[in-house]
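So the chains spell out like this:
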Amino acid sequence: MKKIVITGGAGFIGSHVVRRFVNKYPDYKIYNLDALTYAGNLENIADIENKPNYTFVKGDITDADFINELFQKEQFDSIIHLAAESHVDRSITDPLAFVKTNVIGTMNLLNAAKTIWKNNFVDKRFYHVSTDEVYGSLGATGLFTETTPYDPNSPYSASKASSDHFVRAYGETYGLPYVITNCSNNYGPNHFPEKLIPLFINNIINHKPLPVYGDGKYTRDWLYVIDHAIAIDLVFHDGKNHETYNIGGFNEWQNIELVQLLCQKMDQKLGRKPGESNSLITYVKDRPGHDLRYAIDASKINKELGWKPSVTFEEGLSKTIDWYLSNEKWLKNVTSGDYQNYYSNQYE
Ligand code: NAD
Ligand code: TYD
């Protein structure tokens with residue numbers, strides 16, 4: 001029987017990973033360790049909270065004493081680490097918060113794992129979930145591979161790059177069995193409405209302006225969140241120790257084209273006149289240090305583990321919009337309180 005702690009399991013991607021592991025592996029004991037920051041929400045995983053193989057632990061990965069005690073008590077044999085500060089715009093206003101959670105928090109988990117595992121690494125695994133943003137920005141052509149040099153441009157990506165380096169260093173120096181995955185932009189249900197797709201869905205519903213940064217020609221590679229959770233499951237079980245795997249959607253979109261598609265689909269679903277939501281598109285001041293293009297070469301995970309996205313962008317986007325339209329209460333809850341302050345500081 002495996003005892004796995006998944007960090008950040010009340011957040012967007014983490015909630016889909018926790019759900020998958022709890023439902024698919026009834027013999028594993030799954031611990032969800034989450035501080036419930038503004039981005040963490042137990043409503044995201046309400047459907048599994050009473051499962052016998054599931055335990056929620058509220059706790060902060062930046063608190064070394066707490067993490068050490070928890071690891072000593074529970075003797076986890078695996079960690080799937082997703083807890084992080086994850087929004088680039090917030091990292092521009094408060095970079096230190098990203099160093100604390102993403103770098104120090106990861107260090108605390110590495111140290112706690114190293115301490116309880118001593119030098120017995122049989123059947124142990126430290127899985128660090130990371131981002132393609134560590135590779136920096138691509139020009140008009142080319143793809144990020146696992147050997148692309150790290151070249152982070154935002155405080156967020158610099159903090160994730162730093163934590164990736166520490167994970168790798170613990171592998172080289174102490175023999176800690178790790179895997180790292182670097183994934184492209186995710187979208188799907190439960191995505192906090194500060195990121196492009198859920199923010200714009202919420203604004204379209206509420207007839208609010210759609211703030212496109214710069215000229216809107218920035219490009220991202222979008223992956224449906226459940227396909228990321230499937231990839232994490234595969235790499236966790238079958239990935240090789242001390243390896244990195246890139247995960248991507250083979251699905252590049254310029255922001256402005258994606259936003260136009262979103263407007264078109266939302267107008268259809270909301271019974272609005274074709275083109276109505278396009279009039280909400282507003283070009284605003286660019287993000288400083290804005291990376292031009294991200295795109296992943298996911299051929300390694302495809303060849304070695306047989307993974308590829310299972311959902312087309314059309315299907316994924318349609319499911320995502322439907323989820324937001326039928327989860328009005330979730331959207332209202334997460335956009336009340338502090339969200340209003342964040343929104344006015346960022347956009348008004
Ligand atoms: P998210 O912001 O939605 O969720 C983060 C979760 O971590 C929240 O539940 C939050 O409460 C928790 N958390 C934050 N600080 C914590 C702390 N100090 N202690 C314990 N818990 C804490 O993030 P997400 O979009 O689900 O991303 C999850 C991971 O995947 C991150 O490591 C991120 O870098 C990585 N990633 C995200 C994307 C993406 O497109 N969202 C793409 C690639 C990789
Ligand atoms: P985001 O969802 O923040 O993800 P990331 O910056 O990690 O890729 O942004 C995706 C793209 O959308 C990025 O190029 C920035 C752009 N964007 C806007 O144009 N307006 C917005 O309000 C936001 C949040 C993002």
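Just above, that's the structure.
Let me begin by describing the structure that accompanies this report. (Residues numbered from 1 in each chain as written. Chains lettered and ligands numbered in written order. Predicted model: local features only at pLDDT ≥ 70, side-chain atom pairs only at ≥ 80, totals over all residues. Heavy atoms only, no water.)

Topic: the overall build of the protein chain
Part 1: Assigned secondary structure in the protein chain consists of 12 helices and 12 strands.
Part 2: Compactness check: the protein chain gives a C-alpha radius of gyration of 20 Å against a globular reference of 20 Å for 348 residues, within 12% of the reference.
Part 3: Going through the 348 residues of the protein chain one by one, you find that 56% of them count as buried.
Part 4: Counting only contacts in the protein chain whose residues sit at least 6 apart along the sequence, the fraction spanning at least 24 positions is 83%.
Part 5: Here the protein chain displays about 14600 Å² of accessible surface, and carbon together with sulfur accounts for 51% of that area.
Part 6: Side-chain charges of the protein chain comprise 35 positive and 42 negative groups, with the mean position of each set lying 3 Å from the other. (Helix = DSSP H or I, 4+ residues; strand = E, 2+ residues; numbered from the N terminus. Rg over C-alpha atoms; globule rule 2.2 N^0.38 Å. Buried < 20%, exposed > 50% of the residue type's maximum accessible area, 1.4 Å probe, protein only. Contact = heavy atoms within 4.5 Å. Areas by Shrake-Rupley, 256 points an atom, 1.4 Å probe, with all protein chains shown as cover. Lys, Arg positive; Asp, Glu negative; His and termini not counted. Charge placed at Lys NZ, Arg CZ, Asp CG, Glu CD.)

Re the site of ligand 1
Part 1: As a structural note, the neighbourhood of ligand 1 is formed by 29 residues, with I13, D34, S86, Y156 and K160 the closest of them.
Part 2: Within the backbone of T37, an N or O atom sits 3.0 Å from an oxygen atom of ligand 1.
Part 3: Contacts to ligand 1 include N186, whose backbone N or O atom sits 2.9 Å from an oxygen atom.
Part 4: Contact with the protein chains covers 96% of the free accessible surface of ligand 1, which is 830 Å². (Near = heavy atom within 4 Å. Polar contact = N/O pair within 3.5 Å; in protein donor to acceptor, adjacent residues only side chain to side chain.)

Notes on the pattern of salt bridges
Part 1: Within this structure, the stated rule accounts for 13 salt bridges.
Part 2: R19 serves as the salt-bridge partner of D47, at 2.8 Å between the closest nitrogen and oxygen. Of this pair, D47 sits in the loop between β2 (29–34) and β3 (54–58) while R19 sits in helix α1 (residues 12–24), and the two are 28 residues apart along the sequence.
Part 3: R90 is the salt-bridge partner of E194, the closest N and O atoms lying 2.7 Å from each other. Highlighted residues: E194 in the loop between β7 (185–187) and α6 (196–205) and R90 in helix α3 (residues 88–93), separated in sequence by 104 residues. You'll find E194 and R90 in the same group, each marked buried. (Salt bridge = Lys/Arg side-chain N within 4 Å of Asp/Glu carboxyl O.)

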